[in-house]
Amino acid sequence: MTQKIETPIWFWIIGLFALLWNFMGVGAYAGEIIMTAGDFAQLTEAEQTLYANRPYWASAAFAVAVIAGFFGSVMLLLRRPIAVRLFLLSLIAVLIQFSSYFILDGYADYFSTSGWWMPITIPILATAFLWFARWAEGAGILSKG
């Protein structure tokens, strides 16, 4: 006989927040890959330098981070244990993506003005989503069936 775990309402609230956050990440990535020359020209000089000098592997890590995070959120809301692995993949990709900023020329100047909150917020939330999914798995909220 299996015991059914009741899912608390705050689980759904956190899951929806994760989904919306990661959907915005997918939107940000989509915005980058469809950016026109006119859009690029409207960026600040510091942003243009960062985009122009970013290595391809950092862009690939961005794609993996947001796609894994989005599907991790979907799987979390569907209460599937694979959410934990997807959030782990997302966190690893986030760390790889942001590591590129430490090797880019001009990032320190951008970071010191307005570019500080995303490199701090994104890894914190990626870690929190992984932790939450691991907790939900351990609590029996995530099910295989």
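What counts, and at which threshold
- Residues numbered from 1 in each chain as written.
- Predicted model: local features only at pLDDT ≥ 70, side-chain atom pairs only at ≥ 80, totals over all residues.
- Heavy atoms only, no water.
- Helix = DSSP H or I, 4+ residues; strand = E, 2+ residues; numbered from the N terminus.
- Phe/Tyr/Trp six-rings, centres within 6.5 Å; stacked < 30°, edge-to-face > 60°.
- Core = buried A, V, L, I, M, F, W, Y, C linked by side-chain atoms within 4.5 Å.
- Buried < 20%, exposed > 50% of the residue type's maximum accessible area, 1.4 Å probe, protein only.
- Contact = heavy atoms within 4.5 Å.
- Polar contact = N/O pair within 3.5 Å; in protein donor to acceptor, adjacent residues only side chain to side chain.

1. Remarks on unusual backbone geometry
Most peptide bonds adopt trans geometry, and most residues besides glycine take a negative phi value.
Then comes step 1: In this structure, R79 is a non-glycine residue whose phi angle is positive, near 60°.
Then comes step 2: Structurally, R79 can be placed in the loop between α4 (56–77) and α5 (82–99).

2. So, the packing of aromatic side chains
Then comes step 1: Applying the stated rule across the entire model yields 10 aromatic pairs.
Then comes step 2: Cluster of aromatic residues (ring-pair linked, three or more members): W10, F11, W12, F132 and W135.

3. Concerning the nonpolar core
Then comes step 1: One finds F11, L76, F87, V94, F129 and L142 to be the most contacted residues of the largest nonpolar core, which totals 23 residues.
Then comes step 2: At the level of elements, α1 (9–33), α4, α5 and α7 (117–138) are the ones that each hand at least two residues to this core.
Then comes step 3: It is α7 that provides the largest number of residues to this core, a total of 8 residues.
Then comes step 4: In this structure, F11 is in contact with L76, R79, F132, A136, I141 and L142, ignoring residues within four places of it in sequence.

4. Remarks on the side chain of R54
Then comes step 1: On the secondary structure map, R54 appears in the loop between α3 (45–53) and α4.
Then comes step 2: For R54, the side chain forms a polar contact with the side chain of E32, separated by 2.4 Å.
Then comes step 3: Of the polar contacts made by the side chain of R54, one reaches the side chain of S59; its length is 3.3 Å.

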